[in-house]
Amino acid sequence: MSGLTENDAKSWHLKEAAHYNGGAAFFAYLHRCVEQPRLSRFDRYDRKTKSVTSTWKVDGADRLSLRDAIDALNTPPVFTAEELAFLRDAPNDFEPERRNGLDYKVADGVRNKGAIEFENGRFRITDLGRAAIKQGDAT
């Protein structure tokens, strides 16, 4: 994997991936990086204080700063056996919805690691997901 830097991050784009309603306490947004799908930023808006707290994440795990997140991007994601099994069954192209029986915890884990991408309730495996399967099969 190439050595990503903070300078590289200047050209990256974030896209809203989720909105969270915390009722009277807060609301929040998750933004996922287009160029580095393992990278996301969680922005939590406190309704009472009108403050915002932003947290960078890589592979779904909180990071102390953008610099720390970029350092984490420079190491490959680690997949569990359960995640690799999920990926082996993931479609190559977007198919009709597969929501019935979908393990969302596992699906979110592999999405956070950039191994699948979702679109309108459907998902497909990415090149990173295919590489993870190959590596998992080789070990």
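Note that the structure is predicted; figures quoted are calculated from it, not measured.

Asks: Tell me about the packing of helix α3 (residues 81–88) against helix α5 (residues 127–138), residues and numbers included.
Replies: Where α3 contacts α5, the two axes come as close as 10 Å, and the packing angle between them is 120°. It follows from the interaxial angle that α3 and α5 lie oblique. Crossing angle aside, the handedness with which α3 passes α5 is left-handed. For the pair formed by α3 and α5, the contact residues are L84, L87 and R88 on the first element and G129, A132, I133, G136 and D137 on the second.

Asks: So what about the side chain of E83? Which residues, and what values?
Replies: Take E83: it is sitting in helix α3. E83 gets classed as buried once you look at its relative accessible area, which sits at 8%. Non-local contacts of E83, meaning those with residues more than four positions away in its chain, are made with V78, V106, G109, V110 and K113.

Asks: An account of the sheet that holds strand β3 (residues 39–46) is requested, with residue identities and associated values reported.
Replies: The 5 strands are arranged β1-β2-β3-β4-β5 in an open sheet whose pairing can be described as antiparallel. If you trace the sheet from one side to the other, it starts and ends with β1 (14–21) and β5 (61–63), each paired once. The average undirected angle you get between the axes of adjacent strands in this sheet is 30°. Sitting on the sheet, helix α2 (residues 66–73) touches β3, β4 (52–58) and β5, and the angle it makes with β4 is about 15°.

So, how was this worked out
Residues numbered from 1 in each chain as written. Predicted model: local features only at pLDDT ≥ 70, side-chain atom pairs only at ≥ 80, totals over all residues. Heavy atoms only, no water. Axes fitted to C-alpha atoms, helices over the stretch in contact; angles between N-to-C directions. Helix = DSSP H or I, 4+ residues; strand = E, 2+ residues; numbered from the N terminus. Parallel < 35°, antiparallel > 145°, perpendicular 65-115°, else oblique. Left-handed = near helix turned anticlockwise from the far one by under 90°. Contact = heavy atoms within 4.5 Å. Buried < 20%, exposed > 50% of the residue type's maximum accessible area, 1.4 Å probe, protein only. Pairing = 2+ DSSP bridges.

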